[in-house]
Amino acid sequence: PEAQRVSPEEYLDKYGVTAHLKDVVTLLVEQRPEKPLEFVADYLSNSIQPRTAVARSYRYIRLTKRNRQAFIDNLASAYSVIARNSDSEADGLTGAEYRTLLQTICSDFPHEVVTSLTQVLDKRGSDVVSFPVFVAGVQACLVY
C-alpha cells in the first residue's frame, strides 16, 4: 500500500494528524484543564467534524475557560482563522461569516435572541467585522 511507502512524518502530515496534535497540545498547555484526557478526547472528537474556518474557530472559543488570558488569545486565533479564509478582500471577516459563527455558538439559544444579537451588531453580509466587534459579539453570546 502507498501509505507504507511514505515516511511516518509524511503520512501524519498528509492526513492532518500533525496539525491537530500540535493544536491540542498547545491548547492543553495554555489552558491546563482539570481533566486533560477528557479535554484531548473532546478536542479530537470535534476534529472529526467538518474543518471549516468557522468550525475551527468555534473549537478555539468553546474549549477555553473565559477567565484566562488564553481565552483572549484564542479569540484572536479564531478571528485570524476566519479572516485568513475569508471571502472579504479587506482584512477581517465578513458579516456573513460572523453571523455563521455566532449562530454556531448560540445554537441552543431561542431564535429571537440570535436574531436580536445580529441586528444589534448591524453587520451586513459583506461588511468587514473588526476584532473588537468580533469579541463583543462572542462575549455577548457566552454571557447569555
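Quick notes on the rules
Residues numbered from 1 in each chain as written. Predicted model: local features only at pLDDT ≥ 70, side-chain atom pairs only at ≥ 80, totals over all residues. Heavy atoms only, no water. Helix = DSSP H or I, 4+ residues; strand = E, 2+ residues; numbered from the N terminus. Buried < 20%, exposed > 50% of the residue type's maximum accessible area, 1.4 Å probe, protein only. Contact = heavy atoms within 4.5 Å. Areas by Shrake-Rupley, 256 points an atom, 1.4 Å probe, with all protein chains shown as cover. Arc of directions from axis to C-beta. Phe/Tyr/Trp six-rings, centres within 6.5 Å; stacked < 30°, edge-to-face > 60°. Axes fitted to C-alpha atoms, helices over the stretch in contact; angles between N-to-C directions. Parallel < 35°, antiparallel > 145°, perpendicular 65-115°, else oblique. Left-handed = near helix turned anticlockwise from the far one by under 90°. Core = buried A, V, L, I, M, F, W, Y, C linked by side-chain atoms within 4.5 Å.

A word on the overall build of the protein
Here is step 1 of the chain: In terms of helices and strands, the protein carries 8 helices and 2 strands.
Here is step 2 of the chain: Helices (α) and strands (β) of the protein occur, in sequence order from the N terminus, as α-α-α-α-α-β-α-α-β-α.
Here is step 3 of the chain: Looking at the protein residue by residue over its 144 residues, the buried ones come to 36%.
Here is step 4 of the chain: Contacts in the protein between residues at least 24 apart in sequence constitute 62% of all its contacts with a sequence separation of at least 6.
Here is step 5 of the chain: Accessible area for the protein stands at about 8,900 Å²; split by element, carbon and sulfur atoms hold 54% of it.

Remarks on helix H6 (residues 95–105)
Here is step 1 of the chain: Among all positions in H6, only Gly-95, Glu-97, Tyr-98, Leu-101, Leu-102 and Ile-105 are buried. Down the axis of H6, the buried side of the element spans an arc of 160°, and every buried residue falls inside it.

Some thoughts on the packing of aromatic side chains
Here is step 1 of the chain: Here the structure, examined in full by the defined rule, presents 5 aromatic pairs.
Here is step 2 of the chain: For the pair Tyr-79 and Phe-131, a centre-to-centre distance of 5.4 Å together with 75° between the ring planes defines the contact as edge-to-face. With Tyr-79 in helix H5 (residues 69–84) and Phe-131 in helix H8 (residues 131–143), this pair connects stretches of sequence that are 52 residues apart.
Here is step 3 of the chain: The class for Phe-131 is partly exposed, based on a relative accessible area of 29%.
Here is step 4 of the chain: Taken together, the ring pairs connect Tyr-79, Tyr-98, Phe-131 and Phe-134 into an aromatic cluster.

Re the packing of H6 against H8
Here is step 1 of the chain: The contact between H6 and H8 brings their axes to 10 Å, and the two run at 20°. The orientation of H6 relative to H8 falls into the category roughly parallel. As H6 runs across H8, the sense of the crossing is right-handed. Where H6 approaches H8, its residues Tyr-98, Leu-101, Leu-102 and Ile-105 are matched on the opposing element by Val-133, Phe-134, Gly-137, Val-138, Cys-141 and Leu-142.

Quick notes on the nonpolar core
Here is step 1 of the chain: The biggest cluster of nonpolar side chains holds 23 residues, and the ones touching the most others in it are Ile-61, Ile-105, Phe-134 and Val-138.
Here is step 2 of the chain: Those elements that place two or more of their residues in this core are helix H4 (53–62), H5, H6, helix H7 (111–121) and H8.
Here is step 3 of the chain: Here Ile-105 is in contact with Tyr-58, Ile-61, Arg-62, Val-138, Cys-141 and Leu-142, once residues within four sequence places are set aside.

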